[in-house]
Amino acid sequence: MTGCLSRRTAAALLWIVLASTARAETLAATVEQWGLLGSWAVDCTVRPDRDKGALLTYEIRKDGRVMYRRNFGDAKDESEVVSATVNAEGLLNVMVFFPSMHQTREFGLLLQKDGSLRALYNRSERGEYTIRDGRYVATGAPTPAQQRCD
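Fair warning: this is a prediction, and the values are worked out from it, not measured in the lab.

## What to know about the state of the cysteines
Cysteine pairs can be covalently joined through their sulfur atoms, and such a bond is termed a disulfide.
Line of reasoning, step 1. For the structure on display, the rule yields one disulfide.
Line of reasoning, step 2. For Cys 44, the disulfide goes to Cys 149, at an S-S distance of 1.9 Å. Because the torsion about its S-S bond is -80 degrees, the bridge between Cys 44 and Cys 149 counts as left-handed. With a gap of 105 residues between them, Cys 44 in the loop between β1 (38–41) and β2 (55–60) and Cys 149 in the segment after β10 (147–148) connect regions that are remote in the sequence.
Line of reasoning, step 3. Its relative accessible area of 36% is what places Cys 44 among the partly exposed residues.

Dropping the structure here:
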């Protein structure tokens, strides 16, 4: 009985490891094929600043995890992208876990014809939007296009 249980436990652990590896490869492939990898900013010539614009970087680590780094000049953080899917219109739906905020946020990104990137929505796991329909909820101003900086 213990031998059977040990084989089942080992099989379950192997399945978990393989499934998480496959998910990471799929996630990495999605962001790479869509064109998200690299650094983005509203103006790449301006040093990162909370008021003037952050430098946002997406990268694939050697272990296959997709990471999202934000550089605000005076503050920086790094979070893991936990999922990314592309819908029929080409919108990349990204979910990022932010350990510093103890929350997962979902945002939709559109790669425009000129190669720039634009956020169309950003919401918390509770459904609270900071960006909706390409506009900041607080001000109604449209989200700016971000350029690739590398």
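## Let's talk about the environment of Thr 85
Line of reasoning, step 1. Turning to its location among the elements, Thr 85 is positioned in strand β4 (residues 76–86).
Line of reasoning, step 2. Under the relative-accessibility criterion, Thr 85 is labelled partly exposed at 47%.
Line of reasoning, step 3. C-alpha of Thr 85 to C-alpha of Thr 26: the two residues are 59 residues apart in sequence and 9.7 Å apart in space.
Line of reasoning, step 4. Beyond its immediate sequence surroundings of up to four residues, Thr 85 is in contact with Thr 30, Leu 91, Leu 92 and Asn 93.

## Here we look at the pattern of salt bridges
Line of reasoning, step 1. This model, assessed by the stated rule, comprises seven salt bridges.
Line of reasoning, step 2. Note that Arg 65 and Glu 80 form a salt bridge whose closest N and O atoms lie 3.7 Å from each other. With Arg 65 in the loop between β2 and β3 (66–71) and Glu 80 in strand β4, this residue pair connects regions lying 15 residues apart in the sequence.
Line of reasoning, step 3. On the basis of relative accessibility, which here comes to 31%, the residue Arg 65 falls in the partly exposed class.
Line of reasoning, step 4. The class for Glu 80 is partly exposed, based on a relative accessible area of 23%.
Line of reasoning, step 5. Of the charged contacts, one joins Arg 123 and Glu 106 as a salt bridge, the two residues approaching to 3.0 Å between their closest N and O atoms. With Arg 123 in strand β7 (residues 117–124) and Glu 106 in strand β6 (residues 103–111), the pair connects residues that are 17 residues apart, well separated along the chain.

Reading the values: the criteria
Residues numbered from 1 in each chain as written. Predicted model: local features only at pLDDT ≥ 70, side-chain atom pairs only at ≥ 80, totals over all residues. Heavy atoms only, no water. Disulfide = S-S within 2.5 Å. Helix = DSSP H or I, 4+ residues; strand = E, 2+ residues; numbered from the N terminus. Buried < 20%, exposed > 50% of the residue type's maximum accessible area, 1.4 Å probe, protein only. Contact = heavy atoms within 4.5 Å. Salt bridge = Lys/Arg side-chain N within 4 Å of Asp/Glu carboxyl O.

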